[in-house]
Amino acid sequence: MSTPAILLATADGVAEITLNRPEKLNAFTAAMHHELAQALNEVAADGRIRAVLLTGAGRAFCAGQDLDDRRVAPGAEPVDLGHTIETHYNPLIRRLAGLAKPVICAVNGTAAGAGANIALACDIVLAAQDAKFIQAFCKIGLIPDSGGTWRLPRLIGLQRAMGLAMLGEAVTGAQAEAWGLVWKAYPADSLMEEARTLARHLAQQPTGALAKIKWALGASYAHTLDQQLDLERDFQREAGRSNDYREGVAAFLEKRTPRFTGT
Ligand code: T3D
């Protein structure tokens, strides 16, 4: 039996998903995309899972597309990359954005090409201080995908985005934190402990409200202030009907810690 390219482990309301092709720096094949999609479907369907932690096995987070699958024999037609983006990468980025649970990424090492932008598509990104984010696309004649051209200028401004995308230079986890590309960077040996602690914390929080927060902040980029105020009104109306809101207010008034159920 072949080694799974994706590992899924659940405990304490957290699903830990590990990209597991360490000998290839966890580069994506079509089979790996299928396994990841299946894992995310399981996570989405399981109400007991209230936070997701994505990381990579070995010394890298992910080196993007497996380029061994992109060899073109002389005279042969190249692979239609628009098709593979439409089939694999875009659905993955949409899945992460749409998931009604917080997704943490622990960038344990190099995140290159689509691997960098998949990491940045997660809701809270932690990184090892010596991890490397590399928009490697320009080095092989491609453009940043997996949402990179959309997310980078929003996170770090146009000039830094342009520099990273056109030069393909590495940014360390420590630099990424200073630039606001990631939430926090930790020494490599404490990254996973910090990430798991954060994931367990989020799994105890009002899951429905966290989902609305990620959707509202995501929607803000395309909205006017008026549109966003309307969205906040609608989301707050729904949040106000949740058991977690009822519990949060009761716990505050009773001066105790809330016991959120994610309902
Ligand atoms: O194609 C489509 O569907 C469109 C979508 C595209 C999305 C993309 O992600 S395009 C960008 C693809 N990724 C890259 O261009 C990155 C390629 N890799 C690198 O530049 C370097 O490997 C790294 C900077 C990531 C790491 O460098 P380093 O020196 O730490 O490690 P290494 O020695 O280069 O790599 C270790 C092994 O992993 C090596 O194999 P070997 O020699 O030990 O057998 C290397 O070939 C392999 N590897 C690394 N990245 C990939 C890979 N093998 C296949 N595909 C890779 N992307």
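Before reading further, recall that the structure is shown in the block above.
Sequence positions are assigned chain by chain, starting from 1 and proceeding in written order. In keeping with the predicted nature of the model, local features appear solely for residues at pLDDT of at least 70, side-chain atom pairs appear and are counted solely at 80 or more, and the whole-chain, interface and lining totals rest on all residues. Hydrogen atoms and water are omitted, and side-chain values are computed over all heavy atoms in the structure.

J.: Give a detailed account of the site of the ligand, specifying residues and quantitative values.
T.: When at least one non-hydrogen atom of a residue lies within 4 Å of a molecule or strand, that residue is treated as near it. Around the ligand, 25 residues are found, and the nearest of them are Q65, L67, R70, T84 and A114. Counting of polar contacts relies on pairs of N or O atoms within 3.5 Å, with two restrictions inside protein: one atom must be capable of donating a hydrogen and the other of accepting it, and residues adjacent in sequence are counted only when both atoms are side-chain atoms. At 2.9 Å from an oxygen atom of the ligand is found a side-chain nitrogen or oxygen belonging to R59. Protein contacts shield 65% of the accessible area of the ligand, which totals 1,000 Å² for the unbound molecule. Helix and strand assignments follow DSSP, with helices taken as H or I runs no shorter than four residues and strands as E runs no shorter than two, numbered in order from the N terminus. For the shell around the ligand, the secondary-structure elements that each account for two or more residues are α2 (81–98) and β6 (110–112). Top element by residues in the shell around the ligand is α2. It accounts for four residues. Taken together, the residues of the shell around the ligand sort by class into 14 nonpolar, five polar and six charged. The accessible surface values rely on the Shrake-Rupley method and a 1.4 Å probe; as for residues, cover is taken only from the protein chains in view. Here the term charged refers only to Asp, Glu, Lys and Arg, the term nonpolar to Ala, Val, Leu, Ile, Met, Phe, Trp, Tyr, Cys and Pro, and the term polar to all other amino acids, Gly among them.

J.: So, the sheet that holds strand β3 (residues 51–56): which residues are in play, and what are the values?
T.: Spatially, β1-β2-β3-β5-β7-β10 is the arrangement adopted by the six strands of the open sheet, whose pairing is mixed. Sheet topology places β1 (6–11) and β10 (184–186) at the edges, where each strand pairs with a single neighbour. Between one strand axis and the next, the sheet turns through 20° on average, direction left out of account. Any two residues having at least one pair of non-hydrogen atoms within 4.5 Å are treated as being in contact. Note on geometry: axes are C-alpha line fits, over the in-contact stretch for helices, and angles between N-to-C directions span 0 to 180 degrees. Strands in contact with helix α7 (residues 188–202) are β2 (14–19), β3, β5 (103–107), β7 (124–128) and β10; relative to β7, the strand with the most contacts, it is inclined by about 160°. Here a strand pair is declared whenever DSSP counts at least two bridges between the two strands.

J.: Residue-level account of the pattern of salt bridges, with values.
T.: Salt bridge, as applied in this entry: a Lys or Arg side-chain nitrogen positioned within 4 Å of an Asp or Glu carboxyl oxygen. Throughout the structure, instances matching the rule amount to 12 salt bridges. Linking R21 and D66 is a salt bridge whose minimum nitrogen-to-oxygen distance equals 2.9 Å. Of the two residues, R21 sits in the loop between β2 and α1 (30–45) while D66 sits in the loop between β4 (60–62) and α2, which places them 45 residues apart along the sequence. No difference in accessibility class separates R21 from D66, as the two residues are buried. In this structure, R71 and D68 form a salt bridge, with 2.7 Å as the shortest nitrogen-oxygen distance. The exposure class of R71 is exposed, given its relative accessible area of 64%. Residue exposure (1.4 Å probe, protein chains only): buried if accessible area is under 20% of the type maximum, exposed if over 50%, otherwise partly exposed. Classification of D68 by relative accessible area gives partly exposed; the value is 34%.

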